[in-house]
Amino acid sequence: MRAFISYSHRDADALDRLHVHLANLQREGRIETWYDREILAGEVLDDEISEELEAAELFLLMVSPDFIASNYCVEREMQRALERHEAGAARVVPIIVEPCDWAAMPQLRRLKAVPKDGLPISEWTNANTAYLDVIQEIRRIIDAGVSNALDSTADKKQPATTPQAAPRYRVQRDFDEIDRSEYRDAAFTAIKDYFKLAIGEIDAVEGLRGRFVDRGANSFGSTVVNRGRQHGTAHITVHCRNAGFALGDIYFSFNENAADNTANGGFNVSSDEYEQFLVVTMSMFGNEPNRLNPEQAAEYLWNQFIEQAGISHA
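Residues numbered from 1 in each chain as written. Predicted model: local features only at pLDDT ≥ 70, side-chain atom pairs only at ≥ 80, totals over all residues. Heavy atoms only, no water.

1. Overview of the pattern of salt bridges
Here's step 1: According to the stated counting rule, one finds 21 salt bridges in the structure shown.
Here's step 2: The salt bridge partner of Asp-185 is Arg-184, with a shortest N-O separation of 2.9 Å.
Here's step 3: Arg-184 sits in the buried class, given a relative accessible area of 7%.
Here's step 4: Here the salt bridges do not stand alone but share partners, grouping Lys-112, Glu-137, Arg-140 and Asp-193 into one network. (Salt bridge = Lys/Arg side-chain N within 4 Å of Asp/Glu carboxyl O. Buried < 20%, exposed > 50% of the residue type's maximum accessible area, 1.4 Å probe, protein only.)

Rendered as structure tokens:
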């Protein structure tokens, strides 16, 4: 993923530190960064920056008082980045470097900021921990981008001359309780990650707000607000419990901070002779799919959740 870093030159030290933490992603060949120090002597500054603004897939905004005070950073670089973000051509990530009035800027307030909860890097006890949080979020964005690209490629019709793939072998096996527990935990993590990323996308849409709350290893919550609708608020709390729990292996309530002994629905881990999968339990909606992988379960649950706020995928 090609990343454009927008920053104030007064924050050059923070830029250098960010590059230290990006080193592993760069070594893996997963990210390529550009910032204005890359401009060679004799090149036209604005032309070179314009080209990079159009080429980038990811924009990292290093937000600070000096960044906000810079007309070029805000009105030129950030503005074009947000236009491409709205068009779905790139993603914008605000990195809060120093305490500043960034939350008063509507363009930034609706985006998910890093580090966690938008706490400025300078206010973390250990700045390396803050940068690690930033890098982990960037890695998730790259992973999501690669996954989408692979899905898009797989959906394309293959030419008639392409040889047919050899049939896959399926091997029967028995799944024990450890297999079941591991699948449940992995499925819960996949659903949790899906919601966290999707809430960030909701927050980037005009008129919508989203909130993700990590409640520990076995629970999370989310809220979405549709400002264009009188009753446009939806809540969800999702729990994961030990195998055999009456409400389901993974279960949810359409309430904020719902107790772990209540549920509107859920998923149980099941299996056939070949693989494990999730099945819907305590259905509220009818016509449920018979079996889901964790990613399908996450999408299914997300759609049920946002529909309650009058939101749906286009």
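2. Some points on the pairing of strand β7 (residues 233-240)
Here's step 1: The buried fraction of β7 is high, at 6 of 8 residues.
Here's step 2: With 7 bridges connecting them, strand β6 (residues 219-226) and β7 associate as antiparallel partners. By the bridge assignment, Ser-222 is partnered in β7 with Ile-236.
Here's step 3: Count of turn residues in the β6/β7 antiparallel hairpin: 6 residues. (Helix = DSSP H or I, 4+ residues; strand = E, 2+ residues; numbered from the N terminus. Pairing = 2+ DSSP bridges.)

3. Topic: the nonpolar core
Here's step 1: Grouped together as the largest cluster of nonpolar side chains are 34 residues, with contacts concentrated most on Ile-191, Phe-195, Val-224, Phe-267, Leu-301, Trp-302 and Phe-305.
Here's step 2: Those elements giving two or more residues to this core turn out to be α7 (177-203), β5 (208-214), β6, β7, β8 (250-253), β9 (265-271), β10 (276-281) and α8 (294-307).
Here's step 3: Here this core takes 8 residues from α7, the largest share from any one element.
Here's step 4: Excluding anything up to four places from it in sequence, Phe-195 contacts Phe-212, Phe-220, Ser-222, Ile-236, Ala-298, Leu-301, Trp-302 and Phe-305.
Here's step 5: Counting 25 residues, the second-largest nonpolar core is a separate cluster that includes Leu-15, Tyr-35, Met-62 and Val-93. (Core = buried A, V, L, I, M, F, W, Y, C linked by side-chain atoms within 4.5 Å. Contact = heavy atoms within 4.5 Å.)

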